[in-house]
Amino acid sequence: MENLINNRVKNIEISGIRKFSNMVANVEGMISFTIGQPDFPTPEHVKQAGIKAIENDFTSYTHNAGTIELRKAASDFMAHKYNLHYHPETEVIVTLGASEAIDIAFRTILTEGTEVLLPGPVYPGYEPVIRMMGAVPVHVDIRSHQFRFTLEAMKPFITEKTRCIVLPYPSNPTGVSLTEAELKEIADFVKGKDIFILADEIYSELTFGHEHTSIAGFLKEQTIVINGLSKSHSMTGWRIGFLFAQKSIAKHILKVHQYNVSCANSIAQKAAYEALTAGINDAEAMRKEYRARRDYVDQRLHAMGLDAVMPDGAFYFFVKIPEQISLNSFDFALALANQAKVAVIPGSAFSRFGEGYFRLSFACSMANLQEGLDRIEKYFISQ
Ligand SMILES: Cc1ncc(COP(=O)(O)O)c(C=O)c1O
């Protein structure tokens, strides 16, 4: 029967991140810098709200777009934090993590043969969905642009077929964010063209030394904003994301969401409401801790003579594999895991434009960072 499987699905590969993490997951004594999720527990008061929801039998379907209290809280959060204004009744959809928001957005706006611009390297969650729609992912090599997906970098790739530009920032895997001026330049250029912006802002609460700016502030009509609680509130397993778009777009995306999942988990929605109200600033403490770790890792990488851009958000360093190591990124990561017992993600997991690099996540304890970086240092000295 396998020959009957839709070719577009057959051709999708398992994410390189998962593939590599699974390979090294059970090696004893391994220090893992592969993790793409916060190492903090979900805040206690948020967990309690989930428990209370079960005890109070809040266990039925909710409105397809999510409970109105949660949509109001999400709308208030966007207004309070980023000065963005979305009507809770018509412009906010509660999704199953940012992942589902990405999926339903693409499935609503893409048609066969349309092109989607993405930075390269990039989080691998977009390309398979684009391909399933018969649309074409067009990666823009941003390595020589200090990993900044600016108008200058993307402009040569914008064609009549371009239907969407994916702007993920702060970025996974580089931690690079775009400045207000860079965003405004993109918005001014795209304004009035038949192009959507998919702004994946899932790391917006984890920025260092600056506040996050959303491109939707300049171009609400054409922008679909993706956000969620996975990273800001350490809630990856609760599966709560948000999609914000103006009414005329959101009403169509909602249909895809409805026939896909009906609604997000009711219990998780109660916990999410607590996170966005009483816990609106919960990310603050985590952000401080990530910043201290970032500074530590930066200093260690520098001391080893390794080249990486300084992340101004999220919790990753994207590090260049030194020239004396004549291995591709996958073989390098494998060698590091086997010889030094440190796991990192090969850059090739983030498109072919990640080749020659590795991603180091600092979503782990300071003690592990210290020990793991000592091991990496020893490994390089021995080469
Ligand atoms: C850039 C980016 N977007 C989306 C996601 C998916 O988030 P969620 O777990 O909320 O689906 C991730 C997860 O690592 C990510 O890094």
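Per-chain numbering applies: the sequence of each chain, read as written, is numbered from 1 onward. With the structure being a predicted model, the display of local features is reserved for residues of pLDDT at least 70 and the display and counting of side-chain atom pairs for 80 or more, all residues being used for whole-chain, interface and lining totals. Side-chain descriptors were evaluated using all non-hydrogen atoms of the structure, hydrogens and water having been removed beforehand.

S.K.: So, the pairing of strand β8 (residues 241-244): which residues are in play, and what are the values?
M.R.: Burial along β8 is two-sided: G241 and L243 facing one way and F242 and F244 facing the other are all buried. When strand β2 (residues 92-95) meets β8, the two strands line up antiparallel, connected through four bridges. Its bridge partner being in β8, V94 is matched across the sheet by F242. A strand pair is defined by DSSP finding two or more bridges across the two strands. Numbering of helices and strands runs from the N terminus, with a helix taken as a DSSP run of H or I at least four residues long and a strand as a DSSP run of E at least two residues long. Bridge analysis of strand β7 (residues 223-228) against β8 gives four bridges, and the strand direction is antiparallel. When a residue's accessible area, from a 1.4 Å probe over protein chains only, is under 20% of the maximum for its type it is buried; when over 50% it is exposed; and in between it is partly exposed.

S.K.: Give a description of the site of the ligand that names residues and reports values.
M.R.: One heavy atom within 4 Å of a molecule or strand is enough for the residue carrying it to be called near that molecule or strand. If you check the shell around the ligand, you find 13 residues, and the closest are S99, D200, S230, K231 and R239. The backbone of A98 places a nitrogen or oxygen atom 2.8 Å from an oxygen atom of the ligand. Two N or O atoms form a polar contact when they lie within 3.5 Å of each other; inside protein one atom must be a possible hydrogen donor and the other a possible acceptor, and for residues adjacent in sequence the pair counts only when both atoms belong to side chains. Here an oxygen atom of the ligand and a side-chain polar atom of N172 are 2.8 Å apart. Here the ligand has 400 Å² of accessible area as a free molecule, and 92% of this is covered by the chains. With four residues, helix α5 (residues 97-109) is the largest single contributor of residues to the shell around the ligand. Three categories are distinguished: nonpolar for Ala, Val, Leu, Ile, Met, Phe, Trp, Tyr, Cys and Pro, charged for Asp, Glu, Lys and Arg, and polar for the others, with Gly belonging to the last. Taken together, the residues that form the shell around the ligand break down as six nonpolar, four polar and three charged. Accessible surface area values rest on a Shrake-Rupley calculation with a 1.4 Å probe, where residue burial reflects the displayed protein chains alone.

S.K.: Any details on the pattern of salt bridges? Residues and values, ideally.
M.R.: Side chains carrying opposite charge are able to pair once their charged atoms draw close together. What counts as a salt bridge is simple: a side-chain nitrogen of Lys or Arg found within 4 Å of a carboxyl oxygen of Asp or Glu. A full pass over the atoms with the stated rule returns 20 salt bridges. Between R143 and D141 there is a salt bridge whose closest N-O contact spans 2.9 Å. Residue classification places R143 among the partly exposed residues on the basis of a relative accessible area of 29%. Linked through salt bridges whose partners overlap, the residues forming this network are D39, E289 and R293.

S.K.: Tell me what's going on with the pairing of strand β5 (residues 162-168), and back it up with residues and numbers.
M.R.: Extensive coverage of β5 is indicated by the burial of six of its seven residues. Relative to β5, strand β3 (residues 115-120) runs parallel, the two being bridged by three bridges. The residue of β5 that forms the bridge with V116 is C164. Relative to strand β6 (residues 196-200), β5 is paired through five bridges, and the arrangement is parallel. Paired with C164 across the two strands is F196, which belongs to β6. Think of it like this: strands point away, you trace from the first strand over the helix to the second, and a clockwise trace means the crossover is right-handed. Crossover handedness for the path β5 to helix α8 (residues 180-190) to β6: right-handed.

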